[in-house]
Amino acid sequence: MAQAPRRSRKGAALRSPGLRSALSLPTLEAAVQTGSTPYQRPKLKITDVRTAQVRVHGTQVHVRIYTDQGIYGHGEATDAAVGAASLIRDWRSLLLGCDPLNVEPIWERIRTQGIFEGAQGGQYLAALSGVEIALWDLAGKALGLPVYQLLGGKFRDKIRLYCDMDAESPVGPEANRKLRWIKDQGFTAMKIDLDHARDPARWDKVNWTACNAEIDRIVKWVSHVRESIPESIALACDMHGRYDAPTGKKVAKVLEPLNLLWLEEPCPAENMDAMADIRHSTSTPIACGENLYMRWAFRELLQKGAADILQPDLQNVGGLAEAQTIAKMAHSSYLPLAPHCVVSPIGAMATCHACASFPNFLACEWHWINFPDDWRNWVKEGQIIEKGFITLPERPGIGVEMDEAAAKKARIPGTPWFEAGQ
Ligand code: MG
């Protein structure tokens, strides 16, 4: 049978009562009105900024930014965070009255006003990271969206963690208990420390040139751990940037047969030519970045070809958006990111939102193996790790809330605890 002409079929559709009502003049007017009305985003003003300081793995400063509409954002800073609380107090006058949804303009204002006050790194950037993360949490709560959505969406639902063993030595009964625990928890990657200040073979308390006996000890440690865990668990090693360049080069070479996930900071990170020299001398992947700040330091790292894996710490590198910028720069060289992370579930979950937005994410550190109860009790959501992964919550903001009664146990004596008017 011949098909009806197209015009006649359209005419038949328009004769349908449902469609006629959908295209009626008032309905069309309403649609045009909705489509052309500017988006009515919440009008918020920052009314207060408060901090709390805790000590768990190092020092952490928690930041809360309050608004005139009863919602607040919560961020966390670490490592270089010892003086962060007083810096954040100094920024109060700049923050009060601001629209907190302007996250990046606020970040840039605080950064550029501090160029003579150390805004190139250290405490300044740790404090700024805490503020930035609090602003993302606040923006998510105000807009009803999880933070990963504000960062452009997620490449994955679950974030892979690697467990830092956090032990002075990976050998002995207590270490073996930890290795079994890491395996039983389902982690797919772990890390041990290789620098050992009390190694009996060390002949000098200051100089970190390893003698052959110390290098033998390092190989023994790594071999022991490699044999104690299944092949399915990748192993990374950290030299903490303590050793000199010849030692870093030697260790990277002798560990090649052990197929590490990475060797971290085989020499100090300040001289990227030295780090690049080690990287180019070995097939062991070199990781670096926990002591670097902002995109400019990582630009140099990339330009010099000094690392295979980049490790910004989101609680001091400048925050979530800055880490995302670094991830994009690394992506242009086809390099992955494995963020350094030693903070509570609040900061860790914020880091996870950012990691979800990196196409080149590898694994995120988890460093609370010695404080499992503190970790589980820190947020009202309880245990957020399942078989070595954190699933991203769909709740607005970061998506976890501090259990203050539990977290307050780690408060640094004599410091404020989110009191008003600090
Ligand atoms: Mg490290």
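Model, not experiment: these values are computed from the prediction.

Q: Help me out: how do you make sense of helix α9 (residues 173–184) in this one?
A: Since the α-helix turns once every 3.6 residues, residues separated by three or four places project in the same direction. Its 12 residues give α9 an end-to-end C-alpha distance of 16 Å, which sits within 8% of 16 Å, the value for a rise of 1.5 Å per residue. Within the span of α9, buried status applies to A175, K178, L179 and I182. All buried residues of α9 project into a common sector of 100 degrees when viewed along the axis, lining one side. When the buried face of α9 is taken as reference, the exposed residues oriented beyond 90 degrees from it are P173 and D184. Of the surrounding elements, those touching the buried residues of α9 are β4 (158–164), β5 (189–193) and α10 (212–228). Downstream of α9 by one or two residues, G186 has phi in the positive range, about 90 degrees.

Q: I keep staring at the environment of G114 and nothing clicks. Help me out?
A: Mapping G114 onto the fold places it in the loop between α6 (103–113) and α7 (122–143). Along the primary structure G114 and A52 are separated by 62 residues, whereas in three dimensions their C-alpha atoms are 23 Å apart.

Q: How should I be thinking about the sheet that holds strand β1 (residues 46–56) in this particular structure?
A: Backbone hydrogen bonds are what pair the strands of a sheet, in a parallel or an antiparallel way. Judged by pairing direction, the sheet is antiparallel, and its three strands sit side by side in the order β1-β2-β3 without closing on themselves. The open sheet is flanked by β1 and β3 (72–78), the only strands paired with a single partner. Mean inter-strand twist for the sheet, computed between neighbouring axes without regard to direction, equals 20 degrees. With seven bridges connecting them, strand β2 (residues 58–67) and β3 associate as antiparallel partners. The partner of H62 across the bridge, within β3, is E76.

Q: I would appreciate a short explanation of the pattern of salt bridges in the present structure.
A: Pairing is possible between side chains that carry opposite charge, provided their charged atoms lie close to one another. One pass over the structure, following the stated rule, counts 26 salt bridges. A salt bridge links K191 to D238; the nearest nitrogen and oxygen atoms lie 3.7 Å apart. Of the two residues, K191 sits in strand β5 while D238 sits in strand β6 (residues 234–238), which places them 47 residues apart along the sequence. Judged on exposure class, the residue K191 and its partner D238 are both buried. Between E322 and R295 there is a salt bridge whose closest N-O contact spans 2.6 Å.

Q: Honestly, the coordination of the magnesium ion in this entry has me stumped. Any pointers?
A: With distances of 1.9 to 2.2 Å, the protein atoms coordinating the magnesium ion are D238 (OD), E264 (OE) and E290 (OE). Between the donor residues of the magnesium ion, the gaps in sequence give the motif D-x25-E-x25-E. One end of the pair, D238, is in strand β6; the other, E290, is in the loop between β8 (286–288) and α13 (294–303), and 52 residues separate them in sequence. We classify D238 as buried; its relative accessible area is 2%. A relative accessible area of 9% means that E290 is categorised as buried.

Q: Please explain the packing of α13 against helix α14 (residues 320–331) as it appears in this structure.
A: Contact geometry for α13 and α14: axes closest at 9 Å, N-to-C directions at 20 degrees. One finds that α13 runs roughly parallel with respect to α14. Crossing of α13 over α14 shows right-handed handedness. Residue-level contacts link M294, R295, F298, R299 and L302 of α13 to E322, T325, I326, M329 and A330 of α14. Among the residues making up the contact of α13 with α14, the classes are represented as six nonpolar, one polar and three charged.

Q: Teacher, can you tell me more about the nonpolar core here?
A: The nonpolar side chains of a soluble globular protein tend to be buried, and buried together. Counting 127 residues, the largest nonpolar core has W91, M190, L194, V222, L263, L310 and W378 as the members making the most contacts within it. Ranked by residue count, the leading element in this core is α7, at 11 residues. Not counting chain neighbours up to four residues away, the residues in contact with L194 comprise R217, I218, W221, V222, C237, D238, M239, Y243, V251, L255 and L263. Membership of the second largest hydrophobic core comes to nine residues, among which are Y162, L261, W262 and A287.

Q: Which parts of the structure should I look at to understand the packing of aromatic side chains?
A: Think of a pair of aromatic rings as described by two things: how far the centres are apart, and how the planes are tilted against each other in angle. The full count for this structure, using the stated rule, is 12 aromatic pairs. A centroid spacing of 6.1 Å and a plane angle of 80 degrees characterise the contact between W368 and F371, whose relative ring orientation is edge-to-face. Residue W368 is classed as buried on the basis of its relative accessible area, which comes to 0%. By the ring-pair criterion, three or more aromatic residues cluster together here, those being W181, F187, W366, W368, F371, W375 and W378. Positioned above the aromatic ring of F389 is the side chain of K158, whose terminal nitrogen or guanidinium carbon lies 5.0 Å from the ring centre.

Q: How should I be thinking about the side chain of T351 in this particular structure?
A: For T351, the position within the fold is in helix α15 (residues 345–356). Only 3.2 Å separates the side chain of T351 from the side chain of Q315, close enough to count as a polar contact. In contact with T351, other than residues within four places in its own chain, are L314, Q315, L320, P339, C341 and C364.

Q: What's the story with the confidence of the model for the protein chain in this structure? I'm lost.
A: For residues with low pLDDT, the predicted coordinates do not support detailed interpretation. On average, the protein chain scores 93 in pLDDT, and the residues at 70 or more come to 90%. The element-level mean pLDDT for the protein chain is lowest in helix α1 (residues 6–14), coming to 45, with strand β7 (residues 262–264) highest at 99. With pLDDT under 50 throughout, residues 1–14 is counted as low confidence; its partners more than four residues away or in other chains account for four contacts.

Parameters and conventions
- Residues numbered from 1 in each chain as written.
- Predicted model: local features only at pLDDT ≥ 70, side-chain atom pairs only at ≥ 80, totals over all residues.
- Heavy atoms only, no water.
- Helix = DSSP H or I, 4+ residues; strand = E, 2+ residues; numbered from the N terminus.
- Expected span 1.5 Å × (residues − 1).
- Buried < 20%, exposed > 50% of the residue type's maximum accessible area, 1.4 Å probe, protein only.
- Arc of directions from axis to C-beta.
- Contact = heavy atoms within 4.5 Å.
- Pairing = 2+ DSSP bridges.
- Axes fitted to C-alpha atoms, helices over the stretch in contact; angles between N-to-C directions.
- Salt bridge = Lys/Arg side-chain N within 4 Å of Asp/Glu carboxyl O.
- Donors = N, O, S within 2.8 Å, 3.2 Å for Na, K, Ca; no water.
- Parallel < 35°, antiparallel > 145°, perpendicular 65-115°, else oblique.
- Left-handed = near helix turned anticlockwise from the far one by under 90°.
- Nonpolar A, V, L, I, M, F, W, Y, C, P; charged D, E, K, R; others polar.
- Core = buried A, V, L, I, M, F, W, Y, C linked by side-chain atoms within 4.5 Å.
- Phe/Tyr/Trp six-rings, centres within 6.5 Å; stacked < 30°, edge-to-face > 60°.
- Lys NZ or Arg CZ within 6 Å of the ring centre and 35° of its normal.
- Polar contact = N/O pair within 3.5 Å; in protein donor to acceptor, adjacent residues only side chain to side chain.
- pLDDT = per-residue confidence, 0-100.

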